[in-house]
Structures are given as structure tokens and as C-alpha cells.
Amino acid sequence: QRVAKGEPVQYVLGQWDFRKLTLKVDRRALIPRPETELLVDLVLKSRQARETPKPLVVDVGTGTGCIVLSLAKEMRDGLFVGLDISAEALALARENAALTGLEGRVLFAESDGCGELDPASVDVLVSNPPYIPSKVVDGLEPHIRDHEPRLALDGGPDGLDVYRSLLMDAVVVLKPGSGVFLEIGDEQGHALREMLEEY
């Protein structure tokens, strides 16, 4: 009945698989999606993840914790941090860390961006931020628009607001030779390339 009324099946079930993990999911955070599994793949294949001894890996906008928890599970060594502006999402991420037996490997903290980290300390910065333009959010399918948190969807007028502030932080916190891994919207490649080159 709940699914028939438009609620996402993932929320009805209360859990969903992401890579090698089964995670708790509810309205506090965006439902983990298969495309984001590919983002994790890119990080795992990167020089920064494979060749850096004990890399500092920071996931901005961690939500359920799916990205940083998967990296903590699948990387041999590292320091793993999940940041989010939402206290509710962080509570869910911490529950997932406990559920997956990874609570000792990942630190979660409330933060708007990553600018509070030490300068030149981060080896891998990864993020699946909100990137849907504000005017598009209201036109999304009801099972997304009416159930998933708008905070995790709405990227501002052009969908790029979070990337701008995130890259301003990144300039300060990244080590030379570190890696930035971002999930983006289908039409945002050109704009993000220009932004990355500018920063």
C-alpha cells in the first residue's frame, strides 16, 4: 500500500544494498544509487587510493554513509571521514557504520563543506552533492520529490552551488597530488571542467 501511494520501495523495506554493504535507508538521507557505486570504483582505482600510505579520505555530504563506508570496507588502510550538514543524515550514517561493523574505521562530523579540516591534509576528496537545479526539483517524479530530503537534491539555481563552495574548501585542504572525485548531473560536465580548471 505504501509503495502504491508513491513511497520508494527502499524506504518501505528500510534497507538497501550498496556494493558489498546492506545499509539502513529512510527519509533522513538520499537513497544510495547504482551510479554512485561507479564513483566508489573510480576512487578505488585511483593512484591516490592505491599508492598513498594511509590516505585521508573525506566524503562530503555523506548521507547514508554509503560512499565512505564502502571505501573503508574495500581499502586496506586509510583514515576515513564522512561530513554532512544534516544532523539527521549523520545519525543515519553512524547507524550504518555500526550495522556494517565499520564504526571504528570512520569518523562522522557535522560540517558545511570541508573547510574546517587542516590545510593540505586530504588525499582523497569525494562527494555526491545535491546537483539538481532548484526549478527542476519540483518537477521530479513524486517518489523522489515527496519523500527524499530536498537538502540532498537541490543544488541551487544552476545546480552548481555546492560544487563552488566545495572547491573553494578543496583548494585549501587538499595535498598536492591529491584526488577530487565528484558525482555530477548529465549536463554538468562542461561547467564542472571549467570550474575545476579555474580552481
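Draft legend 1. Spotlight on the packing of helix α8 (residues 161-173) against helix α9 (residues 189-198). Packing of α8 against α9 brings their axes to within 11 Å, and their N-to-C directions diverge by 20 degrees. Accordingly, the angle class assigned to the pair α8 and α9 is roughly parallel. Considering the relative orientation of α8 and α9, their crossing is right-handed. Listed contacts from α9 to Y163, R164 and L167 of α8 are L192, M195 and L196.

Draft legend 2. Fine view of the pattern of salt bridges. For the structure on display, the rule yields nine salt bridges. Salt-bridge contacts for D41 lead to R19; the nearest nitrogen and oxygen are separated by 2.9 Å. Here D41 is found in helix α2 (residues 34-45), whereas its partner R19 is found in the loop between β1 (15-18) and β2 (21-24), with 22 residues between them in sequence. Members of the salt-bridge network, linked through shared partners, are K24, D26, R28 and E95.

Draft legend 3. Representation of the side chain of T100 within the structure. By the element assignment, T100 lies in the loop between α5 (87-99) and β5 (106-110). Within polar-contact distance, the side chain of T100 engages the backbone oxygen of N96 at 2.7 Å. Excluding residues within four positions of it along the chain, T100 makes contact with L21, T22, L23 and L69.

About the thresholds
- Residues numbered from 1 in each chain as written.
- Predicted model: local features only at pLDDT ≥ 70, side-chain atom pairs only at ≥ 80, totals over all residues.
- Heavy atoms only, no water.
- Axes fitted to C-alpha atoms, helices over the stretch in contact; angles between N-to-C directions.
- Helix = DSSP H or I, 4+ residues; strand = E, 2+ residues; numbered from the N terminus.
- Parallel < 35°, antiparallel > 145°, perpendicular 65-115°, else oblique.
- Left-handed = near helix turned anticlockwise from the far one by under 90°.
- Contact = heavy atoms within 4.5 Å.
- Salt bridge = Lys/Arg side-chain N within 4 Å of Asp/Glu carboxyl O.
- Polar contact = N/O pair within 3.5 Å; in protein donor to acceptor, adjacent residues only side chain to side chain.

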